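What follows is each chain in one-letter form.
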Amino acid sequence: LEGWERVHDRVVPETVLAISAKTGEGVRELLESIEEALLALTSVVKCRLPYSAGELLAEIHKVGTILEEEFQEAGTLVTAYVPPSLRNKLAQYEVADDQ
């Protein structure tokens, strides 16, 4: 951390990882750290989307991370990490965890 402070005194990194582009050492840990950071910017939503709202399901697939997806008679039951902007669009379709 001391070396980092010499580079930029106003920024303190939340996570410090050692990686090697030459050997690939630490790359897996770097990718996991990036995924964790990105998921921290999202929230988990569970919703039942009617089949007429296929554009929302497509958007979940495009910008979210699907945890579960089940096609039911009434629509698609999906649990996913989504960004706040998409969560707002899905609010009317949210269901309780026990459904």
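Calculation criteria
Residues numbered from 1 in each chain as written. Predicted model: local features only at pLDDT ≥ 70, side-chain atom pairs only at ≥ 80, totals over all residues. Heavy atoms only, no water. Helix = DSSP H or I, 4+ residues; strand = E, 2+ residues; numbered from the N terminus. Buried < 20%, exposed > 50% of the residue type's maximum accessible area, 1.4 Å probe, protein only. Contact = heavy atoms within 4.5 Å. Pairing = 2+ DSSP bridges. Axes fitted to C-alpha atoms, helices over the stretch in contact; angles between N-to-C directions. Salt bridge = Lys/Arg side-chain N within 4 Å of Asp/Glu carboxyl O. Core = buried A, V, L, I, M, F, W, Y, C linked by side-chain atoms within 4.5 Å.

Trainee: Can you help me understand the overall build of the protein in this one?
Mentor: Within the protein, the regular secondary structure consists of four helices and three strands. Counting from the amino terminus, the protein carries its helices and strands in the arrangement α-α-β-α-β-β-α. Expressed as a percentage of its 99 residues, the buried residues of the protein come to 22%. Pairs at least 24 residues apart make up 54% of the contacts formed inside the protein by residues separated by at least 6 positions.

Trainee: Would you mind going over the environment of Glu73 with me for this structure?
Mentor: Mapped onto the secondary structure, Glu73 falls in the loop between β2 (65-72) and β3 (75-82). Taking C-alpha positions, Glu73 is 9.1 Å from Pro50, a pair spaced 23 residues apart along the chain.

Trainee: What's the story with the sheet that holds strand β1 (residues 43-49) in this structure? I'm lost.
Mentor: For sheets, the rule is that strands pair by backbone hydrogen bonds, running either parallel or antiparallel. Pairing is antiparallel across the open sheet formed by three strands, whose spatial order is β1-β3-β2. Edge positions in the open sheet fall to β1 and β2, since each of these has one partner strand only. Neighbour-to-neighbour, the strand axes of this sheet turn through a mean angle of 10 degrees, independent of strand direction. Bridge analysis of β2 against β3 gives seven bridges, and the strand direction is antiparallel.

Trainee: Hey, could you run me through the pattern of salt bridges in this one?
Mentor: What the rule picks out here adds up to four salt bridges. Here Lys89 ties to Glu59 by a salt bridge, and the two come within 3.2 Å at their closest N and O atoms. With Lys89 in helix α4 (residues 84-90) and Glu59 in helix α3 (residues 54-63), the pair connects residues that are 30 residues apart, well separated along the chain. With relative accessibility at 42%, the residue Lys89 sits in the partly exposed group. Arg87 serves as the salt-bridge partner of Glu94, at 3.2 Å between the closest nitrogen and oxygen.

Trainee: What is the right way to read the nonpolar core from this model?
Mentor: Nonpolar side chains in soluble globular proteins generally cluster together in the buried interior. One finds Val45, Cys47, Leu49, Ala53, Leu56, Leu57, Ile60, Val78, Ala80, Val82, Leu86 and Leu90 forming the largest nonpolar core, which totals 12 residues. Each residue touching Cys47, except ones within four places of it in the same chain, is listed here: Thr76, Leu77, Val78, Leu90, Tyr93, Glu94 and Val95.

Trainee: Is there a simple way to think about the side chain of Thr76 in this case?
Mentor: When you line up the elements, Thr76 lands in strand β3. Sequence-distant contacts of Thr76, defined by excluding residues within four places in its chain, comprise Cys47, Arg48, Leu49, Tyr51, Leu57, Glu69, Glu70 and Phe71.

Function cannot be read off these values alone, since they describe shape.
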